[in-house]
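Descriptive analysis of the structure
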Amino acid sequence: INYFSLKSLLILFKKFDLYLKNFVLIENSNFIKLKFKKSQQFLGKDVREVLEKENDIGPKNLFDFKKTYKSNKFVLRKLFKNKKERIYGYGASIGSITQIIAYNLQGKIENIIDDKPLDNTIVIGKNKIQIIKLKNIKFKNNKKIILNFIPRHQLQIKKKLKKYLVKGDTYVNMINKINIKEI
């Protein structure tokens, strides 16, 4: 739902007299790790290649994104229809706000589980969502839906959740094309 391009970051940091020292694409090129410094230096071939790829992003990419987004909204609506499961979000409590708003999940999520919360609560409009560490949450015996807001850590999250999930629970990966797995 949110994306900062390398180009936009270069422009932003230049305003603060910071210049790219180096960068590394990580996690299937979905994220970049950047180092900046105070003096300007020549942009290497690898940086220029990324900037060229970003320039190639156009209307087709936006159309594809909107199509995936619409499909995801439909899948979630169908998942939540007539369900009485408790809904929890997992991870990145501050970063998940964009997804919560985009998919109209405020008021549906009971808690956000976050290993390193910056706060105890997030407020979105009139809705307050409690942020709780996994070790402090008391899951009721009811069936639950866990929405993973940080799918790049999916394997670690599934491992942590394993002892809390029971048959009939649902685990949902919330990035790109939504992936639903019934336990």
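Residues numbered from 1 in each chain as written. Predicted model: local features only at pLDDT ≥ 70, side-chain atom pairs only at ≥ 80, totals over all residues. Heavy atoms only, no water.

1. Some thoughts on the nonpolar core
Rule in force here: The term nonpolar core refers to a set of buried residues drawn from Ala, Val, Leu, Ile, Met, Phe, Trp, Tyr and Cys, joined through side-chain atoms within 4.5 Å. Burial classes follow relative accessibility: with a 1.4 Å probe on protein chains only, a residue under 20% of its type's maximum area counts as buried, one over 50% as exposed, and anything between as partly exposed. For helices the rule is a DSSP run of H or I covering at least 4 residues; for strands it is a run of E covering at least 2, with both sets numbered from the N terminus onward. The contact definition used throughout considers only heavy atoms, calling two residues in contact when any of these lie within 4.5 Å.
If you look at the biggest cluster of nonpolar residues, it comprises 19 residues, and the most contacted ones within it are L76, I100, L105, I109, L147 and M174. Within the residue set of this core, elements represented by two or more residues are α3 (59-80), β4 (109-113), β5 (121-124), β6 (127-132) and β7 (144-148). Ranked by residue count, the leading element in this core is α3, at three residues. Excluding its chain neighbours within four sequence positions, the residues that come into contact with I109 are I87, Y88, G89, I100, I129, L147 and F149. Membership of the second largest hydrophobic core comes to 12 residues, among which are I113, I150, I157 and Y171.

2. What to know about the packing of aromatic side chains
Test applied: Working definition: rings of Phe, Tyr and Trp (its six-membered ring) pair if their centres are within 6.5 Å, and the pair is stacked with planes under 30 degrees apart, edge-to-face with planes over 60 apart, and tilted otherwise. In our convention, an over-ring charge means Lys NZ or Arg CZ found within 6 Å of a ring centre and within 35 degrees of that ring's normal.
Tallied over the entire structure, the rule returns four aromatic pairs. Arranged with centres 4.9 Å apart and planes meeting at 85°, the rings of Y88 and F139 form a pair that is edge-to-face. Placement of Y88 in strand β3 (residues 86-90) and of F139 in the loop between β6 and β7 is noted, with a sequence separation of 51 residues between them. Of the residues examined, Y88 reaches a relative accessible area of 2% and is grouped as buried. Overall, the relative accessible area of 17% leaves F139 in the buried class. Aromatic rings pair up to connect Y88, F139 and Y164 into one cluster. The lysine or arginine in question, K144, covers the ring of F139, its NZ or CZ lying 5.0 Å from the ring centre.

3. Comments concerning the environment of V123
Structurally, the position occupied by V123 is in strand β5. For the pair V123 and Q106, spaced 17 residues apart in sequence, the C-alpha separation works out to 9.1 Å.

4. Considering the pattern of salt bridges
Formally: Any carboxyl oxygen of Asp or Glu that lies within 4 Å of a side-chain nitrogen of Lys or Arg is treated as forming a salt bridge with it.
What the rule picks out here adds up to five salt bridges. Close ionic contact of E49 with K45 constitutes a salt bridge, the shortest N to O distance being 3.9 Å. Here K45 and E49 lie together in helix α2 (residues 45-55), a separation of four residues that amounts to about one turn. Across the pair K60 and D64 runs a salt bridge whose closest N-O atoms are separated by 2.8 Å. Of this pair, K60 and D64 both sit in helix α3, four residues apart, roughly one helical turn. Residue K60 is classed as exposed on the basis of its relative accessible area, which comes to 58%. Since its relative accessible area comes to 31%, D64 is described here as partly exposed.

5. What to know about a nonpolar patch on the surface
Note the following rule: Patch membership needs two things, relative accessible area over 30% and no salt bridge, and members are linked within 9 Å if like-charged or within 5 Å if nonpolar (Val, Leu, Ile, Met, Phe, Trp, Tyr). Note on areas: Shrake-Rupley with a 1.4 Å probe; residue coverage comes only from the protein chains shown.
A grouping of V24, I26 and F31 is seen on the molecular surface, where their side chains present a nonpolar patch of about 210 Å² in accessible area. If you trace the backbone, F31 turns up in strand β2 (residues 31-37). Judged by its relative accessible area of 31%, F31 is partly exposed.

6. Describing the pairing of strand β8 (residues 170-173)
Cut-off, in case you're wondering: Paired strands, in this sense, are two strands between which DSSP finds at least two bridges. When the strands point away from the viewer, a crossover counts as right-handed if the path from the first strand over the helix to the second runs clockwise.
Side-chain alternation along β8 places T170 and V172 on one buried face and Y171 and N173 on a second face that is also buried. Here four bridges tie β7 to β8, and the two strands are oriented parallel to one another. Its bridge partner being in β8, I145 is matched across the sheet by T170. For the segment spanning β7, helix α5 (residues 154-161) and β8, crossover handedness is right-handed. In this sheet, strand β9 (residues 179-182) lies alongside β8 in antiparallel orientation, the contact comprising four bridges. When the sheet's bridge partners are listed, V172 is paired in β9 with I180. Counted between consecutive antiparallel strands, the loop separating β8 from β9 contains five residues, among which N176 sits at a positive phi close to 55°.

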